[in-house]
Amino acid sequence: LHVYGLATATIDAGPGLSKDVSLGPGARGGFYLRGPDDRFKSHFYADFKAYVAGDRSLLLRAGTEQRLTLSRNTALILDGSYNRTEGQAYLQGGLSLQLHF
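Our subject in this report is the structure included herewith. In this text, all values refer to a predicted model and were calculated from it rather than measured experimentally.

Before going further, it helps to examine the pairing of strand β2 (residues 21–34). In the sheet, strand β1 (residues 2–13) pairs with β2 via 12 bridges, with the strands oriented antiparallel. Paired with His-2 across the two strands is Tyr-32, which belongs to β2. As paired elements, β2 and strand β4 (residues 53–54) share two bridges and run antiparallel to each other. From the neighbouring strand, Ser-22 faces β4, where its bridge partner is Gly-54. Of the strand pairs in this sheet, β2 and strand β3 (residues 40–51) are connected by nine bridges, and their pairing is antiparallel. Looking across to β3, one finds that Arg-28 is bridged to Asp-47. The antiparallel pairing of β2 with β3 creates a hairpin that spans five residues between the two strands, and Asp-38 there sits at a positive phi of about 70°.

So, in structure tokens, the structure goes:
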């Protein structure tokens, strides 16, 4: 088990933003779990970001990533998250196959 907590900061710039910029401090925390044979790994996390300058909004995210190592160079990954920003909530997910060569 590995537990972590991080302070973060984000600067976004672009013509679609109020005053062309957005600055937001935030925090991220989570933990990793590994199976006894190291083939299976789980990651659970939560993110919080409050944009306070330029475009003002709040971003909340909680999610998980599950990784199954199939061979030395191959892994199957299932991930999903709940996201909430600007009063809108949505679910996001994916399934991917990683090949290292």
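Picking up after the structure, the text goes on.
On to the pattern of salt bridges, then. Summed over all chains, the structure comprises four salt bridges. For Arg-34, the salt bridge is made with Asp-38, and the minimal N-O distance between the two is 3.3 Å. Relative accessible area serves as the criterion here: at 55%, Arg-34 is assigned to the exposed category. The class for Asp-38 is partly exposed, based on a relative accessible area of 37%. Glu-65 is the salt-bridge partner of Arg-67, the closest N and O atoms lying 4.0 Å from each other. Look at Arg-67 and you get partly exposed, because its relative accessible area is 22%. We classify Glu-65 as partly exposed; its relative accessible area is 29%. Counted as one network, the salt bridges with shared partners bring together Arg-28, Asp-47 and Arg-61.

Procedures and definitions
Residues numbered from 1 in each chain as written. Predicted model: local features only at pLDDT ≥ 70, side-chain atom pairs only at ≥ 80, totals over all residues. Heavy atoms only, no water. Pairing = 2+ DSSP bridges. Helix = DSSP H or I, 4+ residues; strand = E, 2+ residues; numbered from the N terminus. Salt bridge = Lys/Arg side-chain N within 4 Å of Asp/Glu carboxyl O. Buried < 20%, exposed > 50% of the residue type's maximum accessible area, 1.4 Å probe, protein only.

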